[in-house]
Amino acid sequence: MPDHKMPPTLRFMLAARRCELHGLESLSVTCELVTRISQLVHQLQKERGYSNVYLGNRTDHYLHQLDAHSAGSAAVEREVHDCFLSMDTAQANAADRARLFNRIAYVLHGLEELPGLRRRIRERQLSPRQATQAFTRLIGGLLAVVFEAADTAADPSITRVLVALFNFMQGKELAGQERAAGVEGFSRGHFDDELQARLLHLQEGQERCVDIFGEFADAEANALWQQILDTDTVAQVISLRGVAKRTSAIAQVDPGLCELWFDLNTRRIDAMKQVESHLTQCLLERCRRSIAEAHADLDNHRALLGRVAQMDAGSDQALLFSVHSSTLDVPPQDAVGNHLARSVLDLLHEQNQRLQQVSDELQETRETLNERKLIERAKKLLMTDYGLSEDAAYARLRQSAMERSMRLVDVAQSLLSFAARKAQEKPRSDKGKRI
């Protein structure tokens, strides 16, 4: 039956389900992209690590391994690039994905600069810290794409996996940055105050990310993570953290610990990839399941529509009367029409309940993402206004939260609100001066 000839109730119910299905299919493409990004981030983390030790050792000892990891990254880069280009940027809901597309544009620019970065590393035109920062910016851009994918997902079960995956990937990235910071400190025999503070910031950041991951991940993912925590590798990493904390310019350690630190943290990061892979598989499975359920619901709608088509020419009026009378407990004049009307009402009620549940679950899940946005905005405000580094800005927020016995997100919100009030008062103040 053509859409314009079907009863309005069914027409709009069918349109609503089609919109949901279209959204899920679009989300499935995004989740495929997230899976590829997970692989690319892992390869870039490996390449960053070996770039770091290659530049730090001033020998060609790690060059062969660095070349192998660069080639591995390049292969996955092409896959991610193709995924980006295959996305439909002209789709109806593209306006809702503006931030996602903007993040992708940033990453594409970063990928274009990778060949030049690799050349400068091999020619030793960069310091280990400069190379680390360059890779970290690109990885940060890729993680921002995952964050926006989670923020735009309209299916709560998929959103939960994306939130768990993003936070675990972020924690793993901070572990990679900790590896680089440790290589820098151990290679020179000690950690100064700045590097000590950075290590602490990175360790605390990992704990926060893992806590959120644990809240949103499934039991199997949490079990895999616990197995990693129980390994001897992690125990040795914790031990070396203690060694690093006790060093100073007058209490130096053997620079040879640099290689041990690098190897242990590399093993830890590689083990974390197992959890990440489990989450990406869960993500794809949830997408397939949600799409299958949406197709099944759409088929139910169409089956009901087929029954409507079998009614006589006056069925539309009979259906409307039956819907009205069934809600008032008026005896039906048409048993078939009344039965069909009740089926429509049941289906409509079920769909409304499901959409409300989806909305509630999404709101609950996105609170975590919104809190992260507030903290990031507050950090950027402090960095801009006071010329602080990202680590120093976060440390100031954290110290303020401890002093006031407040949650970090509440301190961030308070800071942003204060800044907004000041911005509103300034024009009035300037106007008074002109008068």
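Residues numbered from 1 in each chain as written. Predicted model: local features only at pLDDT ≥ 70, side-chain atom pairs only at ≥ 80, totals over all residues. Heavy atoms only, no water.

## Considerations on the environment of Arg288
Looking at the element boundaries, Arg288 is found in helix α9 (residues 257–309). Placed 263 residues apart in sequence, Arg288 and Glu25 show a C-alpha to C-alpha distance of 9.1 Å. (Helix = DSSP H or I, 4+ residues; strand = E, 2+ residues; numbered from the N terminus.)

## What about the nonpolar core?
One finds Leu33, Ile37, Ile121, Phe213 and Leu279 to be the most contacted residues of the largest nonpolar core, which totals 89 residues. At 15 residues, α9 tops the list of elements feeding residues into this core. Leu388, Leu397, Leu408 and Val409 belong to the second-largest nonpolar core, a separate cluster that totals 14 residues. (Core = buried A, V, L, I, M, F, W, Y, C linked by side-chain atoms within 4.5 Å. Buried < 20%, exposed > 50% of the residue type's maximum accessible area, 1.4 Å probe, protein only.)

## Looking at the packing of aromatic side chains
Scanning the model with the defined rule gives 8 aromatic pairs in all. Ring geometry for Phe147 and Phe166: centres 5.3 Å apart, planes at 65 degrees, overall edge-to-face. Of this pair, Phe147 sits in helix α4 (residues 128–152) while Phe166 is found in helix α5 (residues 156–188), placing the two residues 19 residues apart along the sequence. Each member of the pair, Phe147 as well as Phe166, is classed as buried. Aromatic pair Phe168 and Trp225: ring centres 5.5 Å apart, planes at 85 degrees, arrangement edge-to-face. Of this pair, Phe168 sits in helix α5 while Trp225 sits in helix α7 (residues 219–229); the two residues are 57 residues apart in sequence, bridging distant segments of the chain. Here Phe168 matches Trp225 in class, with each residue buried. Members of the aromatic cluster, each reached through a chain of ring pairs, are Tyr50, Tyr62 and Phe262. Seen from the ring of Tyr54, Arg124 lies directly overhead, with NZ or CZ sitting 4.1 Å from the centre. Across the ring face of Tyr386, the terminal group of Arg396 is positioned such that the distance to the ring centre comes to 5.1 Å. (Phe/Tyr/Trp six-rings, centres within 6.5 Å; stacked < 30°, edge-to-face > 60°. Lys NZ or Arg CZ within 6 Å of the ring centre and 35° of its normal.)

## Quick notes on unusual backbone geometry
At Arg124, a position not held by glycine, the phi torsion is positive, near 55 degrees. With respect to the helices and strands, Arg124 occurs in the loop between α3 (98–122) and α4.

## Brief notes about the packing of helix α6 (residues 193–216) against α7
Viewed as axis vectors pointing N to C, α6 and α7 meet at an angle of 145 degrees, and their least axial separation amounts to 8 Å. In this structure, α6 uses Val210, Phe213 and Gly214 to contact α7, whose residues at the interface are Ala221, Asn222 and Trp225. Taken together, the residues of the contact of α6 with α7 break down into 4 nonpolar, 2 polar and no charged. (Axes fitted to C-alpha atoms, helices over the stretch in contact; angles between N-to-C directions. Contact = heavy atoms within 4.5 Å. Nonpolar A, V, L, I, M, F, W, Y, C, P; charged D, E, K, R; others polar.)

Note that all results are geometric; they support no functional claim without further evidence.
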